[in-house]
Amino acid sequence: MTGNDIVDLATASAGSNWKRRGFLEKLFTPQEQQYIHTAALPEEMVWKLWSMKESTYKIYTRQYGGRFFAPLKFNCTIVDESNGTVNINNIVYQTTSFLTENYIYSTAKPVAVKDTCISNHCFRIPDLQQINQQEFIYKKLITCYTEMTQVEKTGLLIIKNEAAVPFLYCEKDKSTIPVSITHHGNYAGFTIN
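Residues numbered from 1 in each chain as written. Predicted model: local features only at pLDDT ≥ 70, side-chain atom pairs only at ≥ 80, totals over all residues. Heavy atoms only, no water.

What exactly am I supposed to notice about the sheet that holds strand 7 (residues 156-160) here?
Backbone hydrogen bonds are what pair the strands of a sheet, in a parallel or an antiparallel way. The 5 strands lie next to each other as 6-10-9-8-7, forming an open sheet whose pairing is antiparallel. Looking at strand neighbours, the two that pair on one side only are strand 6 (119-124) and strand 7, the edges of this open sheet. Strand-to-strand twist in this sheet, taken as the mean axis angle between neighbours without regard to direction, amounts to 25°. Examined bridge by bridge, strand 8 (residues 166-170) and strand 9 (residues 175-184) share 4 bridges and lie antiparallel to one another. Its bridge partner being in strand 9, L168 is matched across the sheet by I177. Relative to the sheet, helix 4 (residues 42-64) contacts strand 8 and strand 9, its axis offset from that of strand 9 by approximately 150°. (Pairing = 2+ DSSP bridges. Helix = DSSP H or I, 4+ residues; strand = E, 2+ residues; numbered from the N terminus. Axes fitted to C-alpha atoms, helices over the stretch in contact; angles between N-to-C directions. Contact = heavy atoms within 4.5 Å.)

Looking at this structure, how should I read the side chain of S106?
As for its position among the elements, S106 is in strand 5 (residues 103-110). Exposure remark for S106: the relative accessible area of 0% places this residue in the buried category. Side chain to side chain, S106 and S97 meet in a polar contact 2.6 Å long. (Buried < 20%, exposed > 50% of the residue type's maximum accessible area, 1.4 Å probe, protein only. Polar contact = N/O pair within 3.5 Å; in protein donor to acceptor, adjacent residues only side chain to side chain.)

What am I meant to see in the sheet that holds strand 1 (residues 3-8) here?
The strand order across the open sheet built from 5 strands is 1-5-4-3-2, with neighbouring strands paired in antiparallel fashion. At either margin of the open sheet sits one strand with a lone partner, and together these are strand 1 and strand 2 (75-78). Adjacent strand axes in the sheet meet at a mean angle of 25° when their direction is disregarded. Both strand 3 (residues 83-88) and strand 4 (residues 91-99) contribute to a ladder of 6 bridges, which runs antiparallel. Residue pairing for strand 4: I88 is matched across the bridge by I91. Helix-sheet contacts for helix 4 involve strand 1, strand 2, strand 3, strand 4 and strand 5, and the interaxial angle to strand 5 is about 35°.

What should I look at first to understand the pattern of salt bridges in this one?
Side chains that carry opposite charge are capable of pairing whenever their charged atoms lie near each other. Under the criterion given, the structure shown has 2 salt bridges. The salt bridge partner of K139 is E135, with a shortest N-O separation of 3.2 Å. With K139 and E135 both in helix 5 (residues 130-149), this residue pair falls 4 residues apart, about one helical turn. We classify E135 as partly exposed; its relative accessible area is 41%. (Salt bridge = Lys/Arg side-chain N within 4 Å of Asp/Glu carboxyl O.)

What should I look at first to understand the layout of surface pockets in this one?
Which parts of space are left empty comes out when a probe the size of a water molecule is rolled across the atoms. What the largest pocket holds in volume is close to 720 Å³. Taken together, 32 residues make up the lining of the largest pocket; nearest its centre are K58, K160, A164, I181 and T182. Secondary-structure elements contributing two or more residues to the lining of the largest pocket are strand 1, helix 4, helix 5 and strand 9. For the lining of the largest pocket, the element with the most residues is helix 4, which contributes 8 residues. Tallied by class, residues from the lining of the largest pocket come to 14 nonpolar, 12 polar and 6 charged. Considering only enclosed or pocket space, the second largest pocket measures out at about 270 Å³ in volume. (1 Å grid on protein atoms, 1.4 Å probe; cavity = no way out; pocket = protein on both sides within 12 Å on 5 of 7 lines; lining within 4 Å. Points joined across faces, edges and corners; volume = space filled by probe spheres on them. Nonpolar A, V, L, I, M, F, W, Y, C, P; charged D, E, K, R; others polar.)

I tried to follow the packing of aromatic side chains on my own but got confused; where do I start?
The description of an aromatic ring pair rests on the distance of the ring centres and on the angle between the ring planes. Overall, the coordinates contain 10 aromatic pairs when judged by the stated rule. Centroid distance F68 to F74: 6.1 Å. Interplanar angle 15°. Geometry classified as stacked. A network of ring pairs unites the aromatic residues Y57, Y60, Y64, F68 and F74 as a single cluster. Its guanidinium or amino end placed over the ring of Y187, R124 lies 5.9 Å from that ring's centre, counting from NZ or CZ. (Phe/Tyr/Trp six-rings, centres within 6.5 Å; stacked < 30°, edge-to-face > 60°. Lys NZ or Arg CZ within 6 Å of the ring centre and 35° of its normal.)

Can you walk me through the packing of helix 3 (residues 30-38) against helix 4 in this structure?
Pairs of packed helices are described in terms of their axes, by the angle between the two and the distance that separates them. Where helix 3 contacts helix 4, the two axes come as close as 7 Å, and the packing angle between them is 145°. Contacts between helix 3 and helix 4 involve E32, Y35 and I36 from the former and P42, M45, V46, L49 and K53 from the latter. Classifying every residue of the contact of helix 3 with helix 4 by side-chain character gives 6 nonpolar, no polar and 2 charged.

Could you clarify how one ought to interpret the environment of T38 in this entry?
Residue placement: T38 occurs in helix 3. Within the structure, T38 has its side chain in polar contact with the backbone oxygen of Q34 (distance 2.8 Å).

This is the structure we're talking about:
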């Protein structure tokens, strides 16, 4: 299982003043704040750490249930430019982050679990109304899955459980496949497990 998160850098820059008083202290541990203050590009480090936390939150809540807002419980460690770990409640997740000039995309998986992700995609979404963007993302995910597996598109749906965790649902055999979906600004991504 994997979790993922994407941050559109232009949208984040325009919509958030990460330098305002108290912002970093609310979201980041002292060690993470040190990463930010010593980074060559502090703003990118803010969003990289945030993306690591969010991708881990998605997999953690899928595994253990419950929705909550507690970013300080997710402790990030930077291993190298692309890799890191996030620890919550003594459970460690491995993260991989990709930085482009337009976005930061992170995925997380439990350290102790073999990678079971069968597909991982990032893409730009058209300028559509919010509901149409979601429809666009869902169609892209279903198309990707059908191309990989040769399963017919008919009867494939994205559904969410009572905790709002998404799954790819196949009406034919009533099976569910875990997926993680992320969207921010003009960019989106998904993983299929």
